[in-house]
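# Survey of secondary and tertiary structure
The lines below spell out each chain.
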Amino acid sequence: MLDGYFMAEALRLAHKAYDAGEVPVGALVVSGEKVLGKGFNQTELLRDVTAHAEMIAITAASDHLGAKYLTDCTLYVTLEPCVMCAGALYWTQMKRVVIGASDEKRGFTRLGKPILHPKTQLTKGILAAESQELLLKFFRQLRT
């Protein structure tokens, strides 16, 4: 599978967020082998609490397809989505979600109940260490 390749692309987007002073999260929406949408966190830049990487990638993919449902698509995201983003993923009926690092504090899986659409497949841990290290580096710099 191309999970490692596309997660590496999402990680490159996370580095763009890092360089911009944003929480380093990157996301891609892919259909087959084609990237339909991509995004990185821009909540500070846009002064918008909803400008998460996943939301930006979903909007770009929907615009690209001219459709609100992404039933044949996979989201690659470097950090487990929050509840808001998981809700958006539910409504898109995303076929698959691939996560890098887990988020025990704000990730949707901490709730212990399904939030994604029942047909959505979930894969965790792709390039998790690399994603986690970038996040730790970012938050260490904030504290110094």
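Now for a quick tour of the structure. Worth saying up front: this structure is predicted, and the values here are computed from it rather than measured. (Residues numbered from 1 in each chain as written. Predicted model: local features only at pLDDT ≥ 70, side-chain atom pairs only at ≥ 80, totals over all residues. Heavy atoms only, no water.)

Turning our attention to the packing of helix 3 (residues 53-65) against helix 4 (residues 83-92). Packed helix pairs are specified by the crossing angle of their axes together with the interaxial distance, meaning the distance between the axes. Viewed as axis vectors pointing N to C, helix 3 and helix 4 meet at an angle of 20°, and their least axial separation amounts to 9 Å. Taken together, the axis directions place helix 3 and helix 4 in an arrangement best described as roughly parallel. Helix 4 is crossed by helix 3, and the crossing has left-handed handedness. Residues Glu54, Met55 and Ile58 of helix 3 touch helix 4, and the partners they reach there are Met84, Cys85, Ala88, Leu89 and Thr92. (Axes fitted to C-alpha atoms, helices over the stretch in contact; angles between N-to-C directions. Helix = DSSP H or I, 4+ residues; strand = E, 2+ residues; numbered from the N terminus. Parallel < 35°, antiparallel > 145°, perpendicular 65-115°, else oblique. Left-handed = near helix turned anticlockwise from the far one by under 90°. Contact = heavy atoms within 4.5 Å.)

Our next topic: the packing of aromatic side chains. Tallied over the full model, the rule gives five aromatic pairs. Seen in terms of ring centroids, tyrosine 5 and phenylalanine 6 are 5.1 Å apart; in terms of plane orientation they differ by 75°. Their pairing is edge-to-face. Look at phenylalanine 6 and you get buried, because its relative accessible area is 3%. For the pair phenylalanine 138 and phenylalanine 139, a centre-to-centre distance of 5.1 Å together with 80° between the ring planes defines the contact as edge-to-face. Its relative accessible area of 8% is what places phenylalanine 138 among the buried residues. Classification of phenylalanine 139 as partly exposed rests on a relative accessible area of 30%. Following the ring pairs from residue to residue traces out a cluster consisting of Tyr5, Phe6 and Tyr76. (Phe/Tyr/Trp six-rings, centres within 6.5 Å; stacked < 30°, edge-to-face > 60°. Buried < 20%, exposed > 50% of the residue type's maximum accessible area, 1.4 Å probe, protein only.)

Spatial relationships are all this shows, so hold off on functional conclusions.
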